[in-house]
Amino acid sequence: MLVAIGSAKGSPGVSTTARVLAGVWPSDVVLVDADPAGGDVSLLGRTASRGPLDPERGVLSLAADARRGLANDSLDDHLQQLEGGLDVLCGVTSPEQMTGIAPAVPALASALAHHPTRDVVVDCGRVQAGSPVMPVVAAADVLVLLARPRLESYAHLRERLRWLAQMRATSTRRMPALGVALLADSRDRRSLAELAQLLAHEGLPVTVVGQVAEDQRAADVVGGRLDRGVERSLLVRSVRQLVAPVSDLAASQGAVRAGI
Ligand SMILES: Nc1ncnc2c1ncn2[C@@H]1O[C@H](COP(=O)(O)OP(=O)(O)O)[C@@H](O)[C@H]1O
Ligand SMILES: [Mg+2]
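Criteria and cut-off values
- Residues numbered from 1 in each chain as written.
- Chains lettered and ligands numbered in written order.
- Predicted model: local features only at pLDDT ≥ 70, side-chain atom pairs only at ≥ 80, totals over all residues.
- Heavy atoms only, no water.
- Helix = DSSP H or I, 4+ residues; strand = E, 2+ residues; numbered from the N terminus.
- Buried < 20%, exposed > 50% of the residue type's maximum accessible area, 1.4 Å probe, protein only.
- Contact = heavy atoms within 4.5 Å.
- 1 Å grid on protein atoms, 1.4 Å probe; cavity = no way out; pocket = protein on both sides within 12 Å on 5 of 7 lines; lining within 4 Å.
- Points joined across faces, edges and corners; volume = space filled by probe spheres on them.
- Nonpolar A, V, L, I, M, F, W, Y, C, P; charged D, E, K, R; others polar.
- Axes fitted to C-alpha atoms, helices over the stretch in contact; angles between N-to-C directions.
- Parallel < 35°, antiparallel > 145°, perpendicular 65-115°, else oblique.
- Left-handed = near helix turned anticlockwise from the far one by under 90°.

Undergrad: Explain the side chain of Ser-42 to me, using residue names and the numbers behind them.
TA: Looking at the element boundaries, Ser-42 is found in helix H2 (residues 41-44). Under the relative-accessibility criterion, Ser-42 is labelled buried at 10%. Aside from chain neighbours lying at most four places away, what touches Ser-42 is Leu-53, Pro-55 and Cys-90.

Okay, here's the thing in structure tokens:
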């Protein structure tokens, strides 16, 4: 199962959410940093021995291998393990590097989507026309866009969903099921319902999968800026609640693919 996380615009917390989602994912999983603007995992992550990660080993080295063709389990040779045990595929360090490997991205997308034994959570950064990682987005079973409860955030979200929905309707290929998660204060019980209503009113084929708690301290820990357990934080607990709706949505798309 390939789960893509992205944003319509801005920096709503995609990398943090993707990392926590992979961290709480109930089956064997890999976190892939495919943000075309340049990844954060290799900058912020640490190995079990608290050393830095190798930025050359990851998307870049997998893309180099792709020239010779990729087997479905090729990903495994390019992973590094974060402190705590999560396997990650580090991202590129600059947008120019991502542009440079663009020809290899379709093969990479296929390897991510067809891993024989593992699920993959991929940080796609900003999802927009012209993004070099669109083949990865298109190969996903589900794409979850993250938004904050702000008027401009909703406006960009709606535009991006319209574009994706149109692509879904006209494409001859299978496209991911569309989901939205709201990053908001956990005491805010209204915004999620309002957002769901707004999207339903637009008639967009999108499922609101839930709310990610705004929790700066936990986000700082996930980003490597503070050393502290986050297991019981609002952030981790809220992201755990996303697992079932996100995997259900992905599975529904799998059923469409299989013609069930
Ligand atoms: N759940 C959260 N609560 C509070 N702050 C968050 C949360 N997730 C991310 N942030 C903060 O928002 C900023 C952007 O986060 P990041 O995950 O890098 O977003 P993106 O990948 O969308 O650019 C960072 O300063 C991060 O600490
Ligand atoms: Mg990011």
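Undergrad: Let's hear about the layout of surface pockets: which residues, and what values?
TA: Rolled over the atoms, a probe sized like a water molecule indicates the empty space that remains. In this structure, the largest pocket occupies an estimated 770 Å³ of space. Surrounding the largest pocket, 38 residues form its lining, Ser-11, Gly-13, Val-14, Ser-15 and Thr-16 being those nearest its centre. For the lining of the largest pocket, the secondary structure elements donating two or more residues are helix H1 (14-24), strand E2 (29-33), H2, strand E5 (119-126), strand E8 (206-213) and helix H9 (216-222). Element by element, the count of residues in the lining of the largest pocket is highest for H1, at 6 residues. Here the residues of the lining of the largest pocket are counted per class, giving 15 nonpolar, 13 polar and 10 charged. Size it by volume and the second largest pocket reaches roughly 620 Å³. Lining the second largest pocket are 23 residues, with Arg-19, Glu-83, Val-221, Val-222 and Val-230 sitting closest to its centre. Secondary-structure elements contributing two or more residues to the lining of the second largest pocket are H1 and H9. It is H1 that provides the largest number of residues to the lining of the second largest pocket, a total of 4 residues. Across the lining of the second largest pocket, the residue classes break down as 10 nonpolar, 6 polar and 7 charged.

Undergrad: Outline the packing of helix H7 (residues 151-170) against helix H8 (residues 191-202), supporting the account with residue identities and numerical values.
TA: Between H7 and H8, the shortest axis-to-axis distance is 11 Å and the interhelical angle comes to 40°. Judged by the angle between their axes, H7 and H8 are oblique. For the pair H7 and H8, the sense of crossing is right-handed. For the pair H7 and H8, contact is made by Tyr-154, Leu-157, Arg-158, Leu-161 and Arg-162 and by Ser-191, Leu-195, Leu-198, Leu-199 and Glu-202, respectively. Split by residue class, the contact of H7 with H8 holds 6 nonpolar, 1 polar and 3 charged.

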